[in-house]
Amino acid sequence: MRRLLAQGLDEGALGMSSGLTYTPGMYADAAELTALCEVVASRGGYWCPHHRSYGAGALEAYAEVVAIARDSGCALHLAHATMNFEVNRGRAGELLALVDAAVADGVDLTLDTYPYLPGSTTLAALLPGWAAVGGPAETLRRLTDPAARARIRADLEVHGSDGCHGVVADWDRVQVSGVREPALRPAVGLTVRQLAQRDGVEPFEAFTRLLLDDGLGTTILQHVGHEENVRAIMRHPVHCGGSDGLLTGDRPHPRAYGTFPRYLGAYVREQGVLSLPEAVRHLSATPARRLGLPDRGQVREGWVADLVLFDPGTVAEQATYDEPRRTPRGIPYVFVNGVAVMDDGRRTDALPGRAITRRSATRRPA
Ligand SMILES: [Zn+2]
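Now for a look at the structure at hand. (Residues numbered from 1 in each chain as written. Predicted model: local features only at pLDDT ≥ 70, side-chain atom pairs only at ≥ 80, totals over all residues. Heavy atoms only, no water.)

1. A word on the packing of helix H2 (residues 30-42) against helix H3 (residues 58-72)
Direction vectors running N to C along H2 and H3 enclose 50 degrees, while the axes themselves pass 9 Å from each other. Judged on the interaxial angle alone, H3 and H2 are oblique. Relative to H3, the crossing made by H2 is right-handed. In this structure, H2 contributes Ala 30, Leu 33, Thr 34, Cys 37, Glu 38 and Ala 41 to the contact, and H3 contributes Glu 64, Ile 68, Asp 71 and Ser 72. (Axes fitted to C-alpha atoms, helices over the stretch in contact; angles between N-to-C directions. Helix = DSSP H or I, 4+ residues; strand = E, 2+ residues; numbered from the N terminus. Parallel < 35°, antiparallel > 145°, perpendicular 65-115°, else oblique. Left-handed = near helix turned anticlockwise from the far one by under 90°. Contact = heavy atoms within 4.5 Å.)

As structure tokens, this is what we get:
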């Protein structure tokens, strides 16, 4: 794994990500991750873990990745850093204290958030990690096996599944956002409890039926966030905006289309949670520096013209949970590599973007 990682970094990868809430990422222990982060650090990249839990044990999960970064000397970016579920209400300050201590200790640490309360993932992700061993076919088989079903149900409804952040599943807060099988479309928009009521079955039965009928292809919204946590974290100086958006499904999370205008409209203009200069920095210079792009992210002579020209008085997201693919307002011009892709409010057909690797990032465009 170290050799493959080194090769990928030498070929231009900016760093390494880890999905520690998900299988198979959750099977990696701290020693394994530290060994890999040493390679990332040796190439000047950064590690972006989706840490193990946003629910029970969230702070311990953050502390684990900070310790790995410190031990390996690797730069760290916390993916959609938030504190979710009832157990973490009002606890953003504890996360930010951990961040401040790490930064004071010399860890090169940044984080991102999306400015919404629900999370978004797949329905199958809620399953306990052991139920995914062997791959999707084995998972589907277990969902029809009475003994395995009983154990899955106990993990989800009594103990708290590791796939559900160690928290007992609340079927009122799990809402279907997309299905793979067209025939299952009537389920989109319903919570698992509403689905169960519609079909006259227990929520666990509705959950497993949907997974089986949809071949594990279902995506969900999980209504588990806290507004005061989201606001506190977005104000931190090492914060970057990030959509964490999934574009698939009939009703994807609106953050895919709405995140960046929502910062500028709802959180700067309407609520004053961030000043305009702070928000602009969180959406441009800080992420460009995190990615190691030496000539992007600021308006400077000689730098690459990646520019978003917005009207601070009107910019706003228009994507909603019911219509998540609506594009924002108040953004008349967008330039990518100096070429207009939005021109006076109209999309041009120009495609001036190109993939950036760690090597091309440090080369001047021709
Ligand atoms: Zn995630």
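2. Observations concerning the packing of aromatic side chains
Under the defined criterion, the tally for this structure stands at 4 aromatic pairs. Between Tyr 263 and Tyr 267, the ring centres sit 6.5 Å apart and the planes meet at 55 degrees, which makes this aromatic pair tilted. With Tyr 263 and Tyr 267 both in helix H10 (residues 255-270), this residue pair falls 4 residues apart, about one helical turn. Summarising the aromatic geometry, the rings of Tyr 333 and Phe 335 are spaced 6.4 Å apart at their centres and angled 10 degrees between planes, so their arrangement reads as stacked. Classification of Tyr 333 as partly exposed rests on a relative accessible area of 28%. The lysine or arginine in question, Arg 262, covers the ring of Tyr 116, its NZ or CZ lying 4.8 Å from the ring centre. (Phe/Tyr/Trp six-rings, centres within 6.5 Å; stacked < 30°, edge-to-face > 60°. Buried < 20%, exposed > 50% of the residue type's maximum accessible area, 1.4 Å probe, protein only. Lys NZ or Arg CZ within 6 Å of the ring centre and 35° of its normal.)

3. Some words on the layout of surface pockets
Quantified by volume, the second largest pocket comes out at close to 350 Å³. Considering the residues around the second largest pocket, the lining is formed by 25 residues, among which Tyr 22, His 50, His 80, Ser 120 and Thr 121 are closest to the centre. Per element, the largest residue contribution to the lining of the second largest pocket is 4 residues, and it comes from strand E5 (residues 119-122). Of the residues contributing to the lining of the second largest pocket, the split by class is 8 nonpolar, 15 polar and 2 charged. Taken domain by domain, the makeup of the lining of the second largest pocket includes at least three residues from each of domain 1 (2-115 + 225-299) and domain 2 (120-223). (1 Å grid on protein atoms, 1.4 Å probe; cavity = no way out; pocket = protein on both sides within 12 Å on 5 of 7 lines; lining within 4 Å. Points joined across faces, edges and corners; volume = space filled by probe spheres on them. Nonpolar A, V, L, I, M, F, W, Y, C, P; charged D, E, K, R; others polar. Domains from an automatic or database assignment.)

4. Remarks on the sheet that holds strand E7 (residues 219-222)
The 3 strands are arranged E5-E7-E6 in an open sheet whose pairing can be described as antiparallel. Of all the strands in the sheet, just E5 and strand E6 (174-178) have a single pairing partner and so form its edges. Across the sheet, the mean angle from the axis of one strand to that of its neighbour is 35 degrees, orientation sign disregarded. As paired strands, E6 and E7 are joined by 4 bridges and run antiparallel to one another. (Pairing = 2+ DSSP bridges.)

5. Some points on the nonpolar core
With 35 residues, the main nonpolar core has Trp 47, Leu 76, Leu 78, Leu 95 and Leu 109 as its most contacted residues. Those elements that place two or more of their residues in this core are helix H1 (2-10), H2, H3, strand E3 (75-78), helix H4 (92-104) and strand E4 (109-113). Looking at which element gives the most residues to this core, the answer is H3, with 7 residues. Beyond its immediate chain neighbours, meaning those up to four positions away, Leu 95 contacts Leu 59, Tyr 62, Ala 81, Met 83 and Ile 233. Listed in part, the 26 residues of the second largest apolar core include Ile 152, Trp 171, Val 174 and Ala 196. (Core = buried A, V, L, I, M, F, W, Y, C linked by side-chain atoms within 4.5 Å.)

6. Some remarks on the coordination of the zinc ion
The expected angle between donors at a tetrahedral four-coordinate metal is 109.5 degrees. At an octahedral six-coordinate metal it is 90 or 180 degrees. Looking at the zinc ion, one finds its protein donor set to be His 50 (NE2) and His 80 (NE2), positioned 2.2 to 2.3 Å from the metal centre. With His 50 in strand E2 (residues 46-50) and His 80 in the loop between E3 and H4, this residue pair connects regions lying 30 residues apart in the sequence. Of the two residues, His 50 and His 80, neither departs from the other in class, the shared state being buried. (Donors = N, O, S within 2.8 Å, 3.2 Å for Na, K, Ca; no water.)

7. Here we look at the side chain of Thr 139
Structurally, Thr 139 can be placed in helix H5 (residues 136-142). A polar side-chain atom of Thr 139 sits 3.1 Å from the main-chain carbonyl oxygen of Ala 131. The contacts of Thr 139, once residues within four sequence positions are left out, are Leu 127, Ala 131, Ala 132 and Leu 216. (Polar contact = N/O pair within 3.5 Å; in protein donor to acceptor, adjacent residues only side chain to side chain.)

8. Some words on the packing of H3 against H4
Two numbers describe how H3 lies on H4: the axes approach to 10 Å, and their chain directions differ by 10 degrees. Judged by the angle between their axes, H3 and H4 are roughly parallel. Residues Leu 59, Tyr 62, Ala 63, Val 66 and Arg 70 of H3 touch H4, and the partners they reach there are Glu 94, Leu 95, Leu 98 and Ala 102. Grouping the amino acids of the contact of H3 with H4 by side-chain chemistry returns 7 nonpolar, no polar and 2 charged.

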